[in-house]
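# Analysis of the macromolecular model
Residues per chain are reported as follows:
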Amino acid sequence: MAALVAVNVGMPKDVPWHGRTTRTGIWKSPVAGPVMARRLNLDGDGQGDLAGHGGEQRAVLVYQLSSYRHWQEYLERDDFTYGQFGENLTVDGLADDEVCIGDRYGIGGAVFEVTQPRVTCYRVGLRLGEPQMAALLVSHRRPGFYMRVLTEGPVRAGDEIVKISSGPEEMTVAEIDALLYLPGHARPQLERALRIPALSPGWKTSLRALLDDADHGSGAAGGNRGLTTSSPPPAWPGFHRLEVAGIEPESASIFSLTLAAVDGEPLPAALPGQFLTIRLRPDAQPSPVIRTYSLSGRPGAETYRISIKQEPHGVASTYLRQHVKTGDVLDVAAPRGTFLLADADTPVLLLSAGVGATPVLAMLHALAAERSQRAVWWLHAARDGENHPFADEVRALLSQLPAGRSFLAYSRPSDADRPGVDYTVGGRFTPEWIRGLEPPRDADAYLCGPSTFMRDMTGALEAAGLPSSRIHTEVFGARSALTPGVVTGSARAPHQPAAPPGGRPGPSVAFARSGLTVPWHPGYGTLLELAEACDVPVRWSCRTGTCHTCETALLSGRVEYAPQPLEPPAGGSALICCSTPPADVVLDL
Ligand SMILES: Cc1cc2nc3c(=O)[nH]c(=O)nc-3n(C[C@H](O)[C@H](O)[C@H](O)COP(=O)(O)OP(=O)(O)OC[C@H]3O[C@@H](n4cnc5c(N)ncnc54)[C@H](O)[C@@H]3O)c2cc1C
Ligand code: FES
């Protein structure tokens, strides 16, 4: 008979960590006497980061005495106390390779249902003083599991645990954890898992993404679609030399460059929404200047087109405008990116402002090329007719679509601009105006423009009933950081590290979106830690090669892993939390 050995609770607290402060509820302590198990929590318990932990599906975390014994031996430790693994219920019995998702248990006066394995994040490693703990829990197949509370009631240490019913499909916690995090993702297993009603919606979304990947044969690209969306593998590694085949003005401030293979062969087809990265060597700059530009031409054309806004004082845009001529050769990394037009037959909204038109224009080209029957709405915001790029091109493309519509906002129309002819709205697109358009709720929306434009339009589309999962955005700069639980974030722009560790500097590490190149020193530990030392915005969760949150397109170079990730990233990408650069690298950060 399984038994409840300890009931552990704890409220979130601020903990110093890596020179920062993180807010975490991982510290739990045993409670004497009965504790009420409620729908969202045990009484007196809380989670620091509700995006990753807590909520109805993750009300109570369970960990087993058998795993305590395993880790005591493996880690050669004898200092564990109940609650050490962040669990609410320490139990004797209920092993991860016996308990199944959907099993129901009665404990004291409460009834529980098993919903999913533990979420892998760095905090369990922080609690144990073992940074690799998140990966070890998965690789040793001892994650522990979450339960939801079906009937609220008191529980106390010493209660018997009575199994009430078994989950359908009889998939164990260990099995389903491995299905998501370890290589393999066998199709029949994914289908079985998705038939379990009790499996949490979050895990179902991840496993469905793995199944879609298997269905579309894209699994060959590597990586783990259940954990992250990776850029499709690049058509070539590193930088290739491409020739400037043409230069065209598009508006008062935007011009296009057409790039072709030096040998005249057709370039590999890019996907609608992808970008190129260019390495320039202006004389006045101490190191190469690396910048990224969305492809604006027809995907599948034999050449690539990028369109650049000349920024006042902008290093790359000024150099490209003033120094680059037809016939020049540029170093170009292959098309990448995850802002891609999804294959579907539902409506498409393409919303852009200024030079943000480029990636959505490539999508419009793709839709026009296939004579798409989908409803396609083009919404673009410009200052005036002089600063309105691609006006004729867009008109011609929309005319090829049976269900194409166009809405143009000029914030400061000139006397020459004709309302109702050249533009639809005088002023900006306001959230109220967008809502008034009643955009179709089953549409996929693709947005690109300044951050305020994207924030306002995202809010307006959500208010108009579009689910956030159907709103896709491309940022022309560094992506926002994801640092779960860290409460003392940095507002500093990316910079050279303050005090590099001693010793000889190693290869150079370029953070392309942040416009920063810095020398590597082994003392940083990992590429993630180097990025943090430079305040380059980063995204991570486990910090030990399990969750793929830190997966980053590797634009050039290669990395070495220590420890090895549980599953390798997609081809052409790197997991920066557990890797170092043996030679120069360029990262899409
Ligand atoms: C995925 C992605 C896609 C992109 N697609 C496009 C695209 O299609 N078209 C496009 O044009 N750009 C695009 N960008 C942006 C592009 O990569 C560059 O950031 C942009 O061209 C500016 O680079 P720059 O070297 O000219 O400016 P930087 O030298 O990097 O300067 C950046 C900004 O600071 C300002 N600045 C610089 N020096 C000074 C100074 N001394 N005083 C005051 N202000 C100053 C500049 O005016 C500029 O606005 C994209 C970026 C990403 C990440
Ligand atoms: S942060 Fe989890 S794999 Fe890197």
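Just so we're clear, the structure is a prediction, and the values are computed from it rather than from any experiment.

### Digging into the overall build of the chain
Along the chain, the regular secondary structure elements total 12 helices and 31 strands. Rg of the C-alpha trace for the chain: 27 Å, near the compact-globule value of 25 Å for 589 residues, within the 12% margin. Overall size of the chain, expressed as C-alpha extent along the three principal axes, is 80 × 60 × 40 Å. In the chain, buried positions account for 54% of the 589 residues. Within the chain, contacts between residues at least 6 apart in sequence are counted, and of these 70% link residues at least 24 apart.

### Comments concerning the site of ligand 1
Taken together, 22 residues form the shell around ligand 1, and within it Arg 291, Thr 292, Pro 312, Ala 316 and Ser 317 come nearest. Contacts to ligand 1 include Ser 294, whose backbone N or O atom sits 3.1 Å from a nitrogen atom. Within the backbone of Ser 307, one N or O atom sits 2.8 Å away from a nitrogen atom of ligand 1. For ligand 1, whose free accessible area comes to 960 Å², the fraction covered by protein is 69%. Among the secondary structure elements, those contributing two or more residues to the shell around ligand 1 are strand 16 (289-294), strand 17 (304-309) and helix 7 (315-323). Take the shell around ligand 1: its biggest share by element is 4 residues, from strand 16. Residues belonging to the shell around ligand 1 are distributed by class as follows: 9 nonpolar, 8 polar and 5 charged.

### Description of the packing of helix 4 (residues 173-181) against helix 5 (residues 187-194)
Orientation of helix 4 relative to helix 5, taken along the N-to-C sense of each, is 120°, at an axis distance of 11 Å. On the basis of their axis angle, the class for helix 4 and helix 5 is oblique. Taken as a pair, helix 4 and helix 5 cross one another with a handedness that is left-handed. Between helix 4 and helix 5, the residues in contact are Glu 175, Ile 176 and Leu 179 and Gln 189, Leu 190, Arg 192 and Ala 193, respectively.

### Points about the UniProt feature "domain: MOSC" (unreviewed entry) in the chain
Those places that UniProt annotates as "domain: MOSC" (unreviewed entry) correspond, in this numbering, to residues 29-164. In residues 29-164, helix accounts for 17% and strand for 30%; the two terminal C-alpha atoms are 28 Å from one another.

### Considering unusual backbone geometry
In this structure, the amide linkage connecting Ala 562 to the following residue, Pro 563, adopts the cis form with an omega of 0°. Topologically, Pro 563 is positioned in the loop between strand 28 (560-561) and strand 29 (573-575). Despite not being glycine, Glu 170 shows a phi value in the positive range, around 45°. The class for Glu 170 is exposed, based on a relative accessible area of 53%. Non-glycine residue Arg 543 carries a positive phi angle of around 60°. Looking at where Arg 543 falls in the secondary structure, it is placed in the loop between helix 12 (527-533) and strand 27 (551-556).

### Focus: the pairing of strand 21 (residues 404-410)
Bridging between strand 20 (residues 376-382) and strand 21 involves 7 bridges; their strand directions are parallel. In the strand pairing of strand 21, Ala 381 is matched with Ala 409. Between strand 20 and its parallel partner strand 21, the chain crosses via helix 9 (residues 391-399), and the hand of that crossover is right-handed. Pairing of strand 21 with strand 22 (residues 425-426) involves 2 bridges; the strand directions are parallel. Bridge pairing in strand 22 links Tyr 410 to Gly 426.

### Re the side chain of Arg 77
Tracing the sequence through the fold places Arg 77 in the loop between helix 1 (65-74) and strand 7 (89-92). Only 2.7 Å separates the side chain of Arg 77 from the backbone oxygen of Leu 128, close enough to count as a polar contact. Residues within four places of Arg 77 in sequence aside, it is in contact with Gln 72, Gln 84, Leu 128 and Glu 130.

### Re helix 5
Considered for burial, the residues of helix 5 that qualify are Leu 190, Arg 192, Ala 193 and Leu 194. Close packing links the buried residues of helix 5 with helix 4 and helix 6 (201-215).

### So, the pattern of salt bridges
Scanning all chains against the criterion turns up 28 salt bridges. Taking the shortest distance from any N to any O, the salt bridge between Lys 28 and Asp 45 comes out at 2.8 Å. Taken together, the positions of Lys 28 in the loop between strand 3 (20-24) and strand 4 (29-30) and Asp 45 in the loop between strand 5 (35-37) and strand 6 (60-64) put the pair 17 residues apart, joining distant regions of the chain. For Arg 395, the salt bridge is made with Asp 392, and the minimal N-O distance between the two is 2.9 Å. Remark: Asp 392 and Arg 395 occur in helix 9; sequence separation between them is 3 residues, near one turn of the helix. The exposed category is assigned to Asp 392, whose relative accessible area is 58%. Overlapping salt bridges bring together Arg 39, Glu 56, Arg 104, Glu 113 and Arg 148 as one network.

### Things to note about a positive patch on the surface
Taken together, the side chains of Lys 309, Arg 383, Arg 412 and Arg 428 make up a positively charged region of the molecular surface. In this fold, Arg 383 is placed in the loop between strand 20 and helix 9. Looking at Arg 383, the relative accessible area reads 40%, which means it is partly exposed.

### Quick notes on the UniProt feature "domain: FAD-binding FR-type" (unreviewed entry) in the chain
UniProt feature "domain: FAD-binding FR-type" (unreviewed entry): in the numbering of this structure it lies at residues 237-342. Helix makes up 8% of residues 237-342 and strand 42%. Its end C-alpha atoms lie 25 Å apart.

### Observations concerning the environment of Val 138
Locating Val 138 in the fold gives a position in helix 3 (residues 133-139). Val 138 sits in the buried class, given a relative accessible area of 2%. A sequence separation of 20 residues divides Val 138 from Arg 118, and the C-alpha atoms of the two residues are 9.4 Å apart. Filtering out sequence-adjacent residues up to four positions away, Val 138 remains in contact with Thr 120, Asp 177, Tyr 181, Leu 182, Thr 546 and Leu 566.

### A word on the sheet that holds strand 15 (residues 275-280)
The antiparallel open sheet is built from 6 strands, whose spatial order is 16-15-18-13-14-17. The sheet is open, and its two edges are formed by strand 16 and strand 17, each paired on a single side. The mean angle between the axes of side-by-side strands here comes to 40°, regardless of whether they run parallel or antiparallel. In this structure, strand 13 (residues 239-249) lies alongside strand 18 (residues 329-336), joined through 5 bridges in antiparallel fashion. Looking at the pairing, Leu 242 lines up with Leu 330 of strand 18. In the packing of helix 7 onto the sheet, the strands contacted are strand 14 (254-261), strand 15, strand 16, strand 17 and strand 18, and the crossing angle to strand 16 comes to about 80°.

The rules behind each value
- Residues numbered from 1 in each chain as written.
- Chains lettered and ligands numbered in written order.
- Predicted model: local features only at pLDDT ≥ 70, side-chain atom pairs only at ≥ 80, totals over all residues.
- Heavy atoms only, no water.
- Helix = DSSP H or I, 4+ residues; strand = E, 2+ residues; numbered from the N terminus.
- Rg over C-alpha atoms; globule rule 2.2 N^0.38 Å.
- Buried < 20%, exposed > 50% of the residue type's maximum accessible area, 1.4 Å probe, protein only.
- Contact = heavy atoms within 4.5 Å.
- Near = heavy atom within 4 Å.
- Polar contact = N/O pair within 3.5 Å; in protein donor to acceptor, adjacent residues only side chain to side chain.
- Areas by Shrake-Rupley, 256 points an atom, 1.4 Å probe, with all protein chains shown as cover.
- Nonpolar A, V, L, I, M, F, W, Y, C, P; charged D, E, K, R; others polar.
- Axes fitted to C-alpha atoms, helices over the stretch in contact; angles between N-to-C directions.
- Parallel < 35°, antiparallel > 145°, perpendicular 65-115°, else oblique.
- Left-handed = near helix turned anticlockwise from the far one by under 90°.
- UniProt positions renumbered as here; feature names shortened; annotations may be inferred.
- Pairing = 2+ DSSP bridges.
- Right-handed = clockwise from strand over helix to strand, strands pointing away.
- Salt bridge = Lys/Arg side-chain N within 4 Å of Asp/Glu carboxyl O.
- Patch = residues over 30% accessible without salt bridge, like charges linked within 9 Å, V, L, I, M, F, W, Y side chains within 5 Å.
- Lys, Arg positive; Asp, Glu negative; His and termini not counted.
- Charge placed at Lys NZ, Arg CZ, Asp CG, Glu CD.

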